[in-house]
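Given next are the chains, with one letter for each unit.
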Amino acid sequence: MSPDSMASGSVRSAAEVNEQIRALWLRAGGSLSPQERAEYELLVVEWAAAIRGSVIEAA
């Protein structure tokens, strides 16, 4: 995942991002390359933002 794809304005749910994180780990076989690690870090940031957004909506 490139930073550009996150900047496109599309907002995914935490569940969608979590599924992508799981798929990444499955593809990697449990050991991430440097490129996969960078993708994972971006996904975690996106997931955290989605979680925060859902908490704010619930409030």
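Above this note sits the structure.
This section reports on the structure supplied with the text. The model shown is predicted, which means the values in this text are computed figures rather than measured ones.

A short note on the environment of Trp47
Summarising the element assignment, Trp47 is placed in helix α3 (residues 34-58). Taking C-alpha positions, Trp47 is 5.1 Å from Ala14, a pair spaced 33 residues apart along the chain. With near-sequence residues (within four places) excluded, Trp47 lies in contact with Ala14, Val17, Asn18 and Ile21.

Considering the packing of aromatic side chains
All told, the structure shown has one aromatic pair when counted by the stated rule. Between Trp25 and Tyr40 the ring centres are 5.5 Å apart and the planes differ by 75°, which places this aromatic pair in the edge-to-face class. Taken together, the residues span a long stretch of sequence, with Trp25 in helix α2 (residues 14-28) and Tyr40 in helix α3 at a distance of 15 residues.

Comments concerning the pattern of salt bridges
Using the criterion set out here, one finds two salt bridges in the structure. One salt bridge connects Glu46 with Arg12, and the closest N-O pair in it is separated by 2.7 Å. A residue pair is termed long-range when its members are at least 10 positions apart, and Glu46 in helix α3 and Arg12 in the loop between α1 (3-7) and α2 qualify at 34 residues. When its relative accessible area of 12% is taken as the criterion, Glu46 is described as buried. A salt bridge links Glu39 to Arg27; the nearest nitrogen and oxygen atoms lie 3.9 Å apart. One end of the pair, Glu39, is in helix α3; the other, Arg27, is in helix α2, and 12 residues separate them in sequence. Classification of Arg27 as exposed rests on a relative accessible area of 57%.

Basis of the calculations
Residues numbered from 1 in each chain as written. Predicted model: local features only at pLDDT ≥ 70, side-chain atom pairs only at ≥ 80, totals over all residues. Heavy atoms only, no water. Helix = DSSP H or I, 4+ residues; strand = E, 2+ residues; numbered from the N terminus. Contact = heavy atoms within 4.5 Å. Phe/Tyr/Trp six-rings, centres within 6.5 Å; stacked < 30°, edge-to-face > 60°. Salt bridge = Lys/Arg side-chain N within 4 Å of Asp/Glu carboxyl O. Buried < 20%, exposed > 50% of the residue type's maximum accessible area, 1.4 Å probe, protein only.

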